[in-house]
Amino acid sequence: TAAELKKVIVRNPFLRRRGIDHSKLHVTFLKSTGEPRAASALCALDCGDDEFHHKGKYLYLYCPNGYARSKLVNSRLERLFGVKATTRNWNTVNALHRMVSE
């Protein structure tokens with residue numbers, strides 16, 4: 001919904017940091033919060049230069065080397081959380097919000 005996407009946009013913790021390249025931001029939408037132990041397992045992953053913030057059904061990703069090189073791809077996150085996931089880049093998240101808000 002428009003309200004849900006607005007919440008996702010406003011709560012992106014990477015937007016508060018200087019020097020963040022917005023073209024390297026992504027949001028992974030999980031079907032549900034998933035397995036209770038998934039969050040701690042996620043923290044134990046070696047993500048290289050990638051950074052993430054987990055907020056319930058959403059994972060905010062910063063992939064400075066590009067999402068194509070990320071270890072935080074949907075297949076890995078789906079196995080970890082035990083739910084379906086889809087990832088969208090920051091421009092797409094904002095475009096979707098504009099579309100559903102009209």
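Below or above, wherever it landed, is the structure these notes cover. Please read these numbers as outputs of a predicted model, since none were measured by experiment.

Cut-offs and rules
- Residues numbered from 1 in each chain as written.
- Predicted model: local features only at pLDDT ≥ 70, side-chain atom pairs only at ≥ 80, totals over all residues.
- Heavy atoms only, no water.
- Pairing = 2+ DSSP bridges.
- Helix = DSSP H or I, 4+ residues; strand = E, 2+ residues; numbered from the N terminus.
- Axes fitted to C-alpha atoms, helices over the stretch in contact; angles between N-to-C directions.
- Contact = heavy atoms within 4.5 Å.

1. Let's talk about the sheet that holds strand E2 (residues 51–55)
Okay, step 1: Strand order across the open sheet formed by four strands is E2-E3-E1-E4, with antiparallel pairing between neighbours. Looking at which strands have only one partner, the edges of the open sheet turn out to be E2 and strand E4 (85–89). In this sheet, adjacent strand axes meet at a mean angle of 20 degrees when their direction is disregarded.
Okay, step 2: With five bridges connecting them, strand E1 (residues 25–30) and E4 associate as antiparallel partners. Of the residues in E4, the one forming a bridge with Leu30 is Ala85.
Okay, step 3: Lying over the sheet, helix H1 (residues 2–10) contacts E1 and strand E3 (58–62), oriented at roughly 40 degrees with respect to E3.
Okay, step 4: Where helix H3 (residues 74–81) meets the sheet, it contacts E1, E2, E3 and E4, and its direction lies at approximately 140 degrees from that of E4.

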